[in-house]
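Below are the chains, spelled out letter by letter.
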Amino acid sequence: MFRFPPLFLSAVVLAGCTMNAAAQPAGHSMMAAADAAQTITVDTSAQGQAFPHFWEDMFGSGRANLVMRAQYQKDLTKVKKVTNFQYVRFHGILDDENGVYSVGKDGRPEYNWTYVDHIYDALLAHGIKPYVEISFMPNALAAKPIHQSFWYKPNISPPSSYAKWDALIEAFARHLIQRYGINEVSTWYFEVWNEPNIGFWAGTPKQASYFKLYDNTARALKAVSSRLRVGGPATAQAAWVGDMIAHATKDHVPLDFVSTHVYGDDSAENVFHDNRKIAPHQMVCAAVSKVHEEILHSARPHIPLIWSEFNASYANHQDITDSIYMGPWLANTIRECDGKVQMMSYWSFSDVFEEQGVKKTPFYGGFGLLAENGIPKPAYDAFALLHKLGYTRLPVDADDALVTRRADGTLVIAAWNLVEPGMTGPSRTIHFDLKGLGENAEARIHRVDAQHGDTLAAWKAMGSPKYPTLKQIHALKMDAKIGPPQVVEVHDGQLSVRVPPMGLAVMTVREMH
C-alpha cells in the first residue's frame, strides 16, 4: 500500500551518500542513530555542461528468439514509455532456433531470414533500433560442437570455414539493407560476438582468434556498405579495448566504435589485475574510467566507447537487482560515468530471460527492470525518475546528488542515500541552497524507497509466492506505483529533503510567477 512520508519544512527531495560511513549491519537499530545532514550550494545560473542521457539510450535483453514473445513486447513498450530508449542488444541472432543457416542436400549453404525479419520488424514497430550482436555460431558452420553452458546452449566455436562465414555475414547485411534500406540500417550498430575473453568463445589463443573473427566480420560488412557501423571487442571485465584499437590500427581493420562490459561485483583482480579495494557501487565507473583513459592514450583517442553491458551484479542477487538499492546505485553510476562513455546498456530491460532456464519465481535477482508478468521492480521506477533529469548538468560539490537544468530553466535534482546491501544507516537530510532561484518556487518530489515502489518487500509480505495468482500480480503492480509527487513551496531558494537508507528522490523545481 502506498504511504506518503512525513512532510518536512521547506521541500523534500533526493539525497544520498556513496557509502555511508555510519552504516551498520542489518538489524542495528536505526532509531539510535541521528540523521546525517549536509548542505549543497547550487549556482542555478551557471553555464553547466552538456548532460546527454547516455544511461538510457540502450538496454540489453534476453536472446533474439524471445523478441517474438508477447510478454517481451509488452515489457518493451512499458520501458520505452518511461525511458524513450533507442536501441536493444541481445545474444543469438544467428542461433539455430532462428533457422538462419543450414546446408542443403547439395552441400551448399542455405539462408533463411524469416525469424530475423520477425525479430527486427517487431523492434522497429516499437520504435527501437537493433544493436546487432553478431552471435553465435550456427551448428552447421561450427568447426566443433562446443556449447556454452546457458540453458539454450549456444555454439561458441569458430567457423569451420571463414569463407562461408564471410558469405553468411555479407548475405545477412544485404538482406537487412534490402528489407529496411541503407538509410535505416546505417543507424544501427553491428558488434562482433559477446565476451570472447571468457566462456563465450572457444577459439585459441583467445585474443588472436577473436581478432581473426572480428577482421573477417568487419570487412564482410564493409564490403556490403561502408556506411555500416561495426565494432568490438564486447569483452567482459573491461578487457582488450586498448589491444583492439592497436590491432585495428596496425592491420587497417574497420573499427567504428569499441565496446566492453563490467558489473558491480566483478573483482579488481579480473578488471585491474591487482588487489585494489573498490566498493561494488564504484566498480562500474572505475572500469569505465580505466577504458576511457586507455582510449585517450591510444591511436584513436576520439573513438566512441559503448558500454554494451552493465548492472550492479551478474550473479542474480535478490537483495541487489530486485531491491530498492538499485535507485541510489544507478544514480551514483550516472554521476560517476558522465562524460566518459557515449552510451551504456543496462542488462537488461525485462526478466523475459532464460540464460539459467525457465524462471521458477518472479523475484530471483534477475537482471530486468520488470519481473515476471511485467511486475515493475524498484529499478524500473528509478529509471523512470532519472529520465526526468535535464540535459545540462550544474556543478555541485557533492557525491550524492545530481543537479540538472532543462531548456526551459526548470531544475531537476536527484539525491540519494546509498547504503550497501546487508547494511543499514541513518536517513539523510540534505539542504539545497539554490542561489539565483526566484523568491518563490515550487518543488515536486518523487521517491523510490522502502515506502515507494518496493515490490520485492510487497512480494515477501505475501509469503513470497512462487506462482502469484492474478489477484496477487495485480496487487504487486499497484504496489509498484510510487504515487503522485509531493508538492512543496520553496522560498528564497531554500529546499530541504530527508532521504531514508537506499532511497532515491527526484525533484523538479520551477519558479512561480
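Residues numbered from 1 in each chain as written. Predicted model: local features only at pLDDT ≥ 70, side-chain atom pairs only at ≥ 80, totals over all residues. Heavy atoms only, no water.

With that settled, the discussion passes to the overall build of the chain. Along the backbone of the chain there are 13 helices and 24 strands. Across the 513 residues of the chain, 59% fall into the buried class. Partitioning the intrachain contacts of the chain with sequence separation of at least 6 by distance along the chain shows that 78% fall at a separation of at least 24. As displayed, the chain has an accessible area near 20,000 Å², and 53% of this comes from carbon and sulfur atoms. Of note, the chain has its 47 positive side-chain charges centred 5 Å away from the centre of its 52 negative side-chain charges. (Helix = DSSP H or I, 4+ residues; strand = E, 2+ residues; numbered from the N terminus. Buried < 20%, exposed > 50% of the residue type's maximum accessible area, 1.4 Å probe, protein only. Contact = heavy atoms within 4.5 Å. Areas by Shrake-Rupley, 256 points an atom, 1.4 Å probe, with all protein chains shown as cover. Lys, Arg positive; Asp, Glu negative; His and termini not counted. Charge placed at Lys NZ, Arg CZ, Asp CG, Glu CD.)

This paragraph deals with the environment of Ser 209. As for its position among the elements, Ser 209 is in helix α5 (residues 206-224). Here the alpha-carbon distance between Ser 209 and Pro 196, two residues 13 residues apart in the chain, equals 9.4 Å. Setting aside chain neighbours within four positions, we find Ser 209 in contact with Tyr 162, Trp 201, Gly 203 and Thr 204. Of the polar contacts made by the side chain of Ser 209, one reaches the backbone nitrogen of Thr 204; its length is 3.4 Å. From its side chain, Ser 209 meets the backbone oxygen of Lys 206 in a polar contact 3.1 Å long. (Polar contact = N/O pair within 3.5 Å; in protein donor to acceptor, adjacent residues only side chain to side chain.)

Okay, the sheet that holds strand β4 (residues 58-60) next. Taken in spatial order, the eight strands line up as β4-β5-β8-β9-β10-β11-β12-β13 and close into a barrel, and their pairing is parallel. When strand polarity is set aside, the average angle formed by the axes of neighbouring strands in this sheet is 25°. Pairing of strand β9 (residues 189-192) with strand β10 (residues 230-235) involves two bridges; the strand directions are parallel. The partner of Glu 191 across the bridge, within β10, is Gly 231. (Pairing = 2+ DSSP bridges. Axes fitted to C-alpha atoms, helices over the stretch in contact; angles between N-to-C directions.)

All right, on to the environment of Trp 240 then. Mapped onto the secondary structure, Trp 240 falls in the loop between β10 and α6 (241-251). Residue classification places Trp 240 among the buried residues on the basis of a relative accessible area of 16%. The sequence separation of Trp 240 and Val 291 amounts to 51 residues, and the corresponding C-alpha distance is 9.2 Å. For Trp 240, the residues in contact, after removing those within four places along its chain, are Pro 196, Asn 197, Lys 206, Gln 207, Tyr 210, Pro 233 and Thr 235.

Right, let's talk about helix α3 (residues 162-180) for a bit. Taking 1.5 Å of rise per residue, the 19 residues of α3 would be expected to cover 27 Å, and the 27 Å separating its terminal C-alpha atoms lies within 8% of that figure. Listed in full, the buried residues belonging to α3 are Tyr 162, Trp 165, Asp 166, Leu 168, Ile 169, Ala 171, Phe 172, Ala 173, His 175, Leu 176, Ile 177 and Tyr 180. Where α3 begins, the capping side chain belongs to Ser 161, and its oxygen is found 3.4 Å from the backbone nitrogen of Ala 163. Gly 181 sits one or two residues past α3 and shows a positive phi near 90°. (Expected span 1.5 Å × (residues − 1).)

With the rule as written, the count across this model stands at one disulfide. Covalent S-S linkage joins Cys 285 and Cys 337, the inter-sulfur distance amounting to 2.0 Å. Because the sign of the S-S torsion sets the handedness, a value of about -110° for the bond joining Cys 285 and Cys 337 places this disulfide among the left-handed ones. Of this pair, Cys 285 sits in helix α8 (residues 280-296) while Cys 337 sits in helix α10 (residues 326-337), placing them 52 residues apart in sequence. (Disulfide = S-S within 2.5 Å.)

Remark: α6 packs on α8, axes separated minimally by 9 Å, with the N-to-C direction vectors making an angle of 25°. Relative to α8, the element α6 is oriented roughly parallel. Judged by the twist between their axes, the crossing of α6 over α8 is right-handed. Here α6 contributes Val 241, Gly 242 and Ile 245 to the contact with α8, which in turn contributes Val 291, Glu 294 and Ile 295. Of the residues contributing to the contact of α6 with α8, the split by class is four nonpolar, one polar and one charged. (Parallel < 35°, antiparallel > 145°, perpendicular 65-115°, else oblique. Left-handed = near helix turned anticlockwise from the far one by under 90°. Nonpolar A, V, L, I, M, F, W, Y, C, P; charged D, E, K, R; others polar.)

What follows concerns the side chain of Lys 80. Within the element layout of this structure, Lys 80 appears in helix α1 (residues 70-83). This buried residue, Lys 80, is left without a salt bridge; Asp 57 holds the nearest opposite charge, at 8.9 Å. Polar side-chain contacts of Lys 80 include one of 3.1 Å to the backbone oxygen of Gly 127. Once residues lying within four places of it in the same chain are set aside, the contact partners of Lys 80 are Phe 85, Gln 86, His 126, Gly 127 and Ile 128. (Salt bridge = Lys/Arg side-chain N within 4 Å of Asp/Glu carboxyl O.)

Our next topic: the packing of α1 against helix α11 (residues 378-386). At a minimum axis separation of 8 Å, α1 and α11 run at an interaxial angle of 35°. For the pair formed by α1 and α11, the contact residues are Lys 78, Val 79, Val 82 and Thr 83 on the first element and Tyr 380, Phe 383 and Ala 384 on the second. Each residue belonging to the contact of α1 with α11 can be placed in one class, and the counts come to five nonpolar, one polar and one charged.

With that settled, the discussion passes to the confidence of the model for the chain. For the chain, the mean per-residue pLDDT works out to 92, and 93% of the residues sit at or above 70. Confidence drops under a pLDDT of 50 for residues 1-33, and excluding neighbours within four residues, the segment shows 121 contacts in the predicted structure. (pLDDT = per-residue confidence, 0-100.)

Of the volumes computed, that of the largest pocket is approximately 320 Å³. Lining the largest pocket are 17 residues; nearest its centre among them are Glu 195, Ile 198, Phe 200, Tyr 263 and Tyr 314. Residues that form the lining of the largest pocket fall into these classes: eight nonpolar, five polar and four charged. (1 Å grid on protein atoms, 1.4 Å probe; cavity = no way out; pocket = protein on both sides within 12 Å on 5 of 7 lines; lining within 4 Å. Points joined across faces, edges and corners; volume = space filled by probe spheres on them.)

Turning our eyes to something else, we now look at α8. Between its first and last C-alpha atoms α8 spans 25 Å; for 17 residues at 1.5 Å apiece the expected length is 24 Å, and the two agree. Residues of α8 that are buried: His 281, Met 283, Val 284, Cys 285, Ala 287, Val 288, Lys 290, Val 291 and Ile 295. In this structure, the buried side of α8 is in contact with α6, β11 (257-263), α7 (268-271), β12 (305-311), α10 and β13 (343-346).

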